[in-house]
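Each chain is listed here by its residues.
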Amino acid sequence: HEQDEGIRNNGERVLCSVSHKRITTQDAVAIKSSGQVMLKSVFDELAKPSMICPVTGKKFKDKDVISFVKGKSGFAASGNVEAKKYNPTLT
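Each value, and the rule that gives it
- Residues numbered from 1 in each chain as written.
- Predicted model: local features only at pLDDT ≥ 70, side-chain atom pairs only at ≥ 80, totals over all residues.
- Heavy atoms only, no water.
- Core = buried A, V, L, I, M, F, W, Y, C linked by side-chain atoms within 4.5 Å.
- Buried < 20%, exposed > 50% of the residue type's maximum accessible area, 1.4 Å probe, protein only.
- Helix = DSSP H or I, 4+ residues; strand = E, 2+ residues; numbered from the N terminus.
- Contact = heavy atoms within 4.5 Å.
- Pairing = 2+ DSSP bridges.
- Axes fitted to C-alpha atoms, helices over the stretch in contact; angles between N-to-C directions.
- Polar contact = N/O pair within 3.5 Å; in protein donor to acceptor, adjacent residues only side chain to side chain.
- Phe/Tyr/Trp six-rings, centres within 6.5 Å; stacked < 30°, edge-to-face > 60°.

Draft legend 1. The arrangement of the nonpolar core in detail. Cys16, Ile23, Ile31, Met38 and Phe43 are the most contacted members of the largest nonpolar core, which has 14 residues in total. At the level of secondary structure, the elements contributing two or more residues to this core comprise strand 3 (28-31), strand 4 (36-39) and helix 1 (40-47). Element by element, the count of residues in this core is highest for strand 3, at four residues. Setting aside anything within four residues of it in sequence, one finds Ile23 in contact with Val14, Leu15, Cys16, Ala28, Val37, Met38 and Leu39.

Rendered as structure tokens:
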């Protein structure tokens, strides 16, 4: 059983490749060149300053980083809700 099988589409939990914490609605990133998924807080602290994947040791570039959008739970109190007034202009 390898811990870096982080992303799964069959309903099983997703784990940070570095901290092994469960990723639910936290911000997360993936490094395309190494295939690793981690919490954004871990990425900012360990990977971003050196631009080296903390799991594989491979160097990466900004274009290799994919940010995941935080999921919502479906409850009204979950996440931030912001209303904006739309003012269309005719040109």
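Draft legend 2. Fine view of the pairing of strand 3. Neither face of strand 3 is exposed, since Ala28 and Ala30 on one face and Val29 and Ile31 on the opposite face are all buried. Examined bridge by bridge, strand 3 and strand 4 share four bridges and lie antiparallel to one another. Each residue of the ladder has a partner; that of Val29, found in strand 4, is Met38. Counting the residues that bridge the hairpin from strand 3 to strand 4 gives four residues, and of these Gly35 lies at a positive phi of roughly 80 degrees.

Draft legend 3. How the structure looks around the environment of Asp27. Its place among the elements puts Asp27 in the loop between strand 2 (22-23) and strand 3. By relative accessible area, which is 37% here, Asp27 ends up partly exposed. Along the primary structure Asp27 and Lys40 are separated by 13 residues, whereas in three dimensions their C-alpha atoms are 5.4 Å apart.

Draft legend 4. Representation of the sheet that holds strand 5 (residues 65-68). What the three strands build is an open sheet, ordered 4-3-5; its pairing is antiparallel. Two strands in the sheet have a free side with no partner beyond their single neighbour: strand 4 and strand 5. Ignoring strand direction, the axes of neighbouring strands in this sheet form an average angle of 25 degrees. In this structure, strand 3 lies alongside strand 5, joined through four bridges in antiparallel fashion. Looking at the pairing, Val29 lines up with Ser67 of strand 5.

Draft legend 5. Structural detail: the environment of Gln36. Looking at the element boundaries, Gln36 is found in strand 4. On a C-alpha basis, the gap between Gln36 and Ser17 in space is 6.2 Å, while along the polypeptide they are 19 residues apart. Within the structure, the side chain of Gln36 is placed 3.0 Å from the side chain of Ser17, a separation counted as a polar contact.

Draft legend 6. Seen up close, the packing of aromatic side chains. Scanning the entire structure with this criterion turns up one aromatic pair. Relative to Phe60, the ring of Phe43 lies with its centre 5.9 Å away and its plane at 40 degrees, an arrangement referred to as tilted. Here Phe60 lies in the loop between helix 1 and strand 5 and Phe43 lies in helix 1, a separation of 17 residues in the sequence. Phe60 gets classed as buried once you look at its relative accessible area, which sits at 5%.

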